[in-house]
Amino acid sequence: MKIYNHLYQILITSLTFPNIAWVQILRQSYVIFALLLSLNFISATPAMAANFSVDLLKQPATEITISLGNSANELKFEPNHLEFEAGKRYQLRLTNPSQLKHYFTAKDFADGIWTQKVQAGKVEIKGAIHELELKPGAEAEWVFVPLKSGTYGLRCSIPGHTEAGMTGEIAISN
C-alpha cells in the first residue's frame, strides 16, 4: 500500500489542473483501486486456509494417551502435564480405567485449538468441544491442532475431584 500512496502523492503534486474536480476524480479512483486490491487479498485467504488444512490433515497425528483416574480410583490425570506445539496435529487417547466417571475439562485450551474430531465408540463429533465425560471403562479420541500458544488448566469438574488433586496443565508452544 505504501507504493500506491507514494504514486498517488507524486501524481497529485505533479498535476497542475486548475479544476479541483480532476483531483476529486483521481482520489475516488485511488480509493476504488485500493478497495479492489484489498478484496483480492481477502478472497485469496479462504483458498490459502483450505490448502493449509488439507496439508495438515495429511500430517500424521502424534498420539498421546491420558488416563483419567486409575484402577485404584486415585483422582488424578496420568500424565498431568501435557505439552503441544502449535500447528502440529495430535490425537489424544483418553481412557478411564477407574470405577468413577471423570471429566476432561479444559475450556481455555479448547478455545485455542482447532478440533478435527472427537470420537467415542462409533460416534464422531465435530465442532467446538470444551469438556469430555468418560464413564468407567470408557475411551475417547480427540484429534486437534493447537493454534494459540499459552498455558492452560486441566481439571475434572465433578464436585470434589478438582479439590482432591485431579488437575493438570496443558502447555502450547510456538
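Scoring rules and cut-offs
Residues numbered from 1 in each chain as written. Predicted model: local features only at pLDDT ≥ 70, side-chain atom pairs only at ≥ 80, totals over all residues. Heavy atoms only, no water. Helix = DSSP H or I, 4+ residues; strand = E, 2+ residues; numbered from the N terminus. Buried < 20%, exposed > 50% of the residue type's maximum accessible area, 1.4 Å probe, protein only. Areas by Shrake-Rupley, 256 points an atom, 1.4 Å probe, with all protein chains shown as cover. Pairing = 2+ DSSP bridges. Contact = heavy atoms within 4.5 Å. Polar contact = N/O pair within 3.5 Å; in protein donor to acceptor, adjacent residues only side chain to side chain. Patch = residues over 30% accessible without salt bridge, like charges linked within 9 Å, V, L, I, M, F, W, Y side chains within 5 Å. Salt bridge = Lys/Arg side-chain N within 4 Å of Asp/Glu carboxyl O. Core = buried A, V, L, I, M, F, W, Y, C linked by side-chain atoms within 4.5 Å. Phe/Tyr/Trp six-rings, centres within 6.5 Å; stacked < 30°, edge-to-face > 60°.

Visitor: Honestly, the overall build of the protein in this entry has me stumped. Any pointers?
Guide: Along the protein, the regular secondary structure elements total three helices and eleven strands. The buried share of the protein, taken over its 174 residues, is 33%. As presented, the protein carries roughly 10,700 Å² of accessible surface, and 59% of it is formed by carbon and sulfur atoms.

Visitor: Mind showing me how you'd approach the sheet that holds strand 6 (residues 113-120) here?
Guide: Two orientations exist for strands paired in a sheet by backbone hydrogen bonds: parallel and antiparallel. Spatially, the six strands line up as an open sheet ordered 2-1-4-9-6-7, and their pairing is mixed. Strand pairing shows two members of the sheet lacking a second neighbour, strand 2 (77-78) and strand 7 (123-125), which therefore form its edges. Pairing analysis gives three bridges linking strand 6 to strand 7, with the strands arranged antiparallel. Considered in strand 7, the bridge of Val118 is made with Ile125.

Visitor: What am I meant to see in the environment of Arg89 here?
Guide: For Arg89, the position within the fold is in the loop between strand 3 (81-85) and strand 4 (90-95). With a relative accessible area of 14%, Arg89 lands in the buried category. Linking Arg89 and Lys58, residues 31 residues apart in sequence, is a C-alpha distance of 9.5 Å. When residues no more than four places from it in sequence are discounted, the contact partners of Arg89 are Leu56, Leu57, Gln59, Pro60, Ala61, Thr62, Gln116, Val143, Phe144 and Val145. For Arg89, the side chain forms a polar contact with the main-chain oxygen of Gln59, separated by 2.6 Å.

Visitor: Any chance you could explain the pairing of strand 11 (residues 167-173) here in plain terms?
Guide: Side-chain direction in a regular strand flips from residue to residue, so the side chains alternate between the two faces of the sheet. Here strand 3 pairs with strand 11 via five bridges, running parallel. Among the inter-strand pairings, His81 is bridged to a residue of strand 11, identified as Glu169. Pairing of strand 10 (residues 150-155) with strand 11, which is carried by six bridges, proceeds in the antiparallel orientation. Considered in strand 11, the bridge of Gly150 is made with Ile172.

Visitor: Quick question: what am I supposed to make of a nonpolar patch on the surface here?
Guide: Together, Leu57, Trp114 and Leu147 give the surface a local cluster of nonpolar side chains, amounting to about 280 Å² of exposed area. Along the chain, Trp114 falls in strand 6. Using a relative accessible area of 34% as the deciding quantity, one classes Trp114 as partly exposed.

Visitor: Looking at this structure, I do not really get the nonpolar core. What am I missing?
Guide: Across soluble globular proteins, you tend to see nonpolar side chains buried next to one another. Grouped together as the largest cluster of nonpolar side chains are 28 residues, with contacts concentrated most on Ile66, Phe84, Leu92, Phe104, Phe109, Trp142 and Ile170. Other than its neighbours up to four places away in sequence, Phe104 contacts Ile66, Leu68, Phe77, Leu92, Leu94, His130, Glu131, Leu132, Trp142, Leu154, Arg155 and Ile170.

Visitor: Hey, could you run me through the packing of aromatic side chains in this one?
Guide: A ring pair, where both rings are aromatic, is described by two values, the distance of the centres and the angle of the planes. Applying the stated rule across the entire model yields ten aromatic pairs. On the basis of an interplanar angle of 25° and a centroid distance of 5.9 Å, the ring pair of Tyr90 and Phe144 is categorised as stacked. Of this pair, Tyr90 sits in strand 4 while Phe144 is found in strand 9 (residues 139-146), placing the two residues 54 residues apart along the sequence. By relative accessible area, Phe144 is classed as buried at 0%. Site record: aromatic cluster; members linked through ring pairs are Phe77, Phe84, Tyr90, Phe104, Phe109, Trp142, Phe144 and Tyr152.

By themselves, these figures tell us nothing about what the structure is for.
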